[in-house]
Amino acid sequence: MESLPLLPGYIFSDTDPLLKDYKVKQKLKYSNGLPVIRDDLNPDDVKCNAMFVEHIPELTYGRPRGYNLFEHQRFQPHYALYARKCLSFDAYFKQSVHGSPLEYYRVRRVRIIYYLEDDTMMVSEPKVENVGFLQGKLVKRHRIPRSNGEAYHWKDLNVGINLEIYGIVYRVYSCDAYTREFLTSQGIDVSEPEDLPQDPYTKNRKESGVIGVLSHTSKSFDDKLYKFLEYDGMVLSFEASWNDEQYRIMYFLVDDTIAVCEVRRPNDGKDMRGCLMLKRTKVPKSWTDVPSSYAGAYLEKTDQEVKEYYSPKDLKIGETIFIFGRRFFLHDCDPFTRRYYSTILRFDQPARIPLLDLCPKPKFCIKRSDETKHRDLIRQLYNFPKRLRYSLAMEACHPEDVGREFIMEYSLADGCIRINERDKKNSGRKAGRFLSWVRIPKPATDDYYTPEDFAIGARLNIFGHWFLITGTEVFVYKYMMANPDKFDASLRDAVKRFLKDKGLIDEEEKVECKCEDEKEENDKDDQVDC
């Protein structure tokens, strides 16, 4: 084998000294259920990484009986061992106040949190009401450098020390139980908690009695504030009826006002947007009981003229209330209203009273004879979904309307017309619907357009727009031949010539035979005039 020349085909691959392994080695692996990075294997790294590549039977076959977790503790990375574990310290700093005769500095409490998994820190301030400055996160989570340039470590933290973070000195006065236990387990003596100094300005306000001034205000102010804090957003809702119409009465507990909304039903002929009948206002129980000298035509009633307003105790299912002279009968209320009456007022609302059949008022309509209704119904059933299609061209009144093309469809079932504009490249106009289905009246007459008016070259006035019929299709000619009594001979001949010029019909006899066969089939049914 050694005497063979170094030529292709004379050397085996396993002994070829020129061959090299260009495979990319695997770097990312899982060990002990955790993702690790596997370095290039060499004699020095194999010993270091032996714990990462060893086989763990427990992951495949499970733990055996009598398995002691503390005797078989395996290696865990730093970020996995201290994941979601942090040290919490309570601290404060003094903020100078300039230009105020009442205070020279303020004591602001903060919380310093140290994350063990990546040695980062964060400083946040708990929110305090009515302090006059922004609060929340003061220093975002990151590695905070010390004065010597190195980042803070948990070994540098303790109770009773000063921490300088970006020019502000924080005094650590306490920590939580876990932080104290962790530092003690690492051999660090944790100092005893210190007292938090009191803010001078807050202390002076308490001593002078400024705080709590709301308790010495008038009764009316107390009532409004209490209602706002306790009943804001709470509404008592009732179903009521008046003049065969359904309404919803809403009582707002925050200010004792009442609003009335009309409940709309589908197809009742009313605008859905204008359902508010009475906006929020206080409703007097007896709105006509005013002094004789009161100028009611010019002035609105105030609390001096009104003796009593409606309150929740006056609203009861099955009773009638008067809202500015209108009688509203209460039928039902929502679940929140029932709970409010049972828990607050110690009163259970009666069961629901069904509403009467509040039918919408009949709409005015044109009376039609039974014969006309019967004829229209047969026409719809017989002709659905047959349509006659024509091509149109708009008579241009403006330069931009030149060259616009349309397709007109006439429905034989109901006599409605639809017009769609054809797509034309680089025209600057969007193709699509030009006119929806509607019956189009003839100008200066009481009649509507019918297929008898759609001759080739005829002009149509469609709601002020003039169109010219430029063409049609074979189905229209077949329909004319099947119903010769409805169309003039000149109209049929014009359509026939147009189709022959376009090459849509070649043999006249075949078309006429087909039309005669369709006519015989149509004669068997009851045909109705269009």
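So, a few notes on the structure that sits alongside this text. Note that the structure is predicted; figures quoted are calculated from it, not measured.

Observations concerning helix α5 (residues 177-185)
Side chains three or four residues apart in an α-helix point the same way, a direct result of the helix having 3.6 residues per turn.
Then comes step 1: Thr179, Phe182 and Leu183 are the residues of α5 that are buried. The arc that holds the buried residues of α5, viewed along the axis, is 95°, so those residues lie on one side. α5 presents Ala177, Glu181 and Ser185 as exposed residues on the side facing more than 90 degrees away from its buried surface.
Then comes step 2: Considering only its buried residues, α5 is in contact with β3 (86-96) and β8 (168-175).
Then comes step 3: One or two residues past the end of α5 sits Gly187, with phi positive at roughly 85°.

Focus on unusual backbone geometry
Then comes step 1: At the junction of Phe384 and Pro385, the peptide bond is cis and its omega measures out at 0° in the coordinates.
Then comes step 2: Within the element layout of this structure, Pro385 appears in the loop between α9 (370-383) and β15 (387-394).
Then comes step 3: Residue Asp119 is not a glycine yet carries a positive backbone phi of 60°.
Then comes step 4: By the secondary structure assignment, Asp119 is in the loop between β4 (105-115) and β5 (120-125).
Then comes step 5: For Asp119, a relative accessible area of 17% corresponds to the buried category.
Then comes step 6: One non-glycine residue with positive phi stands out, namely Asp256, at about 60°.
Then comes step 7: In this structure, Asp256 sits in the loop between β10 (245-252) and β11 (257-262).
Then comes step 8: Take Asp256: its relative accessible area is 21%, and that puts it in the partly exposed class.

Focus: the sheet that holds strand β13 (residues 320-323)
Then comes step 1: Spatially, the 6 strands line up as an open sheet ordered β12-β11-β10-β9-β14-β13, and their pairing is antiparallel. The open sheet has two free edges, formed respectively by β12 (276-281) and β13, since each of these has just one partner strand. Shown here is a sheet whose adjacent strand axes are inclined to one another by a mean of 35°, direction ignored.
Then comes step 2: Note that β13 and strand β14 (residues 326-333) share 4 bridges and pair antiparallel. Along β14, the bridge assignment pairs Ile323 with Arg326.
Then comes step 3: Contacting β9 (235-242) and β14, helix α8 (residues 335-343) runs over the sheet at an angle of about 115° to β9.

Concerning the pairing of β13
Then comes step 1: The alternating pattern of β13 places Ile321 and Ile323 on a buried face, while none of Thr320 and Phe322, on the opposite face, is buried.
Then comes step 2: Linkage of β13 to β14, two consecutive antiparallel strands, is achieved through a turn of 2 residues, within which Phe324 is found at a positive phi near 55°.

Quick notes on the rules
Residues numbered from 1 in each chain as written. Predicted model: local features only at pLDDT ≥ 70, side-chain atom pairs only at ≥ 80, totals over all residues. Heavy atoms only, no water. Buried < 20%, exposed > 50% of the residue type's maximum accessible area, 1.4 Å probe, protein only. Helix = DSSP H or I, 4+ residues; strand = E, 2+ residues; numbered from the N terminus. Arc of directions from axis to C-beta. Contact = heavy atoms within 4.5 Å. Pairing = 2+ DSSP bridges. Axes fitted to C-alpha atoms, helices over the stretch in contact; angles between N-to-C directions.

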